[in-house]
Amino acid sequence: MTDVRQKKENVKMHLKDLRQNLKKMHLAVTEELILPQPDEVKTLISKVDQLLKLIESK
């Protein structure tokens, strides 16, 4: 059971981090009319991939 709890906490942590990054990016685009740098987008894509791997792992 602790494995499941740990996995759940890891998913929550990843989601929280992604949400914060996406919020910052959204504010920059909508308020400052600044497009994100390609490296920033690649980093977020990488984080999403890591999250998917974590969710799919058993």
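Residues numbered from 1 in each chain as written. Predicted model: local features only at pLDDT ≥ 70, side-chain atom pairs only at ≥ 80, totals over all residues. Heavy atoms only, no water.

(A) Structural detail: the packing of helix α1 (residues 2-31) against helix α2 (residues 38-56). Viewed as axis vectors pointing N to C, α1 and α2 meet at an angle of 160 degrees, and their least axial separation amounts to 10 Å. For the element pair α1 / α2, the angle class is roughly antiparallel. Crossing hand, α1 versus α2: left-handed. Of α2, the residues touching α1 (which contributes Lys-7, Asn-10, Val-11, His-14, Leu-15, Asp-17, Leu-18, Asn-21, Leu-22 and Met-25) are Glu-40, Val-41, Leu-44, Lys-47, Val-48, Gln-50, Leu-51, Leu-54 and Ile-55. Within the contact of α1 with α2, the residues separate by chemical class into 11 nonpolar, 4 polar and 4 charged. (Axes fitted to C-alpha atoms, helices over the stretch in contact; angles between N-to-C directions. Helix = DSSP H or I, 4+ residues; strand = E, 2+ residues; numbered from the N terminus. Parallel < 35°, antiparallel > 145°, perpendicular 65-115°, else oblique. Left-handed = near helix turned anticlockwise from the far one by under 90°. Contact = heavy atoms within 4.5 Å. Nonpolar A, V, L, I, M, F, W, Y, C, P; charged D, E, K, R; others polar.)

(B) Representation of the layout of surface pockets. Space inside the largest pocket adds up to approximately 160 Å³. Asn-21, Lys-24, Met-25, Ala-28, Ile-34, Leu-35, Pro-36, Glu-40, Thr-43, Leu-44 and Lys-47 are the residues that line the largest pocket. Where the lining of the largest pocket is concerned, the elements lending two or more residues are α1 and α2. The class makeup of the residues in the lining of the largest pocket is 6 nonpolar, 2 polar and 3 charged. (1 Å grid on protein atoms, 1.4 Å probe; cavity = no way out; pocket = protein on both sides within 12 Å on 5 of 7 lines; lining within 4 Å. Points joined across faces, edges and corners; volume = space filled by probe spheres on them.)

(C) Region of the structure containing the pattern of salt bridges. One pass over the full model with this rule turns up 2 salt bridges. In this structure, the salt-bridge partner of Lys-12 is Glu-9, at a minimum N-O distance of 3.6 Å. One end of the pair, Lys-12, and the other, Glu-9, are both in helix α1, 3 residues apart, so they sit about a helical turn from each other. According to the relative accessible area criterion, Lys-12 is partly exposed, its value standing at 46%. Here Asp-17 and Lys-47 are joined by a salt bridge, their closest N and O atoms 2.9 Å apart. (Salt bridge = Lys/Arg side-chain N within 4 Å of Asp/Glu carboxyl O. Buried < 20%, exposed > 50% of the residue type's maximum accessible area, 1.4 Å probe, protein only.)

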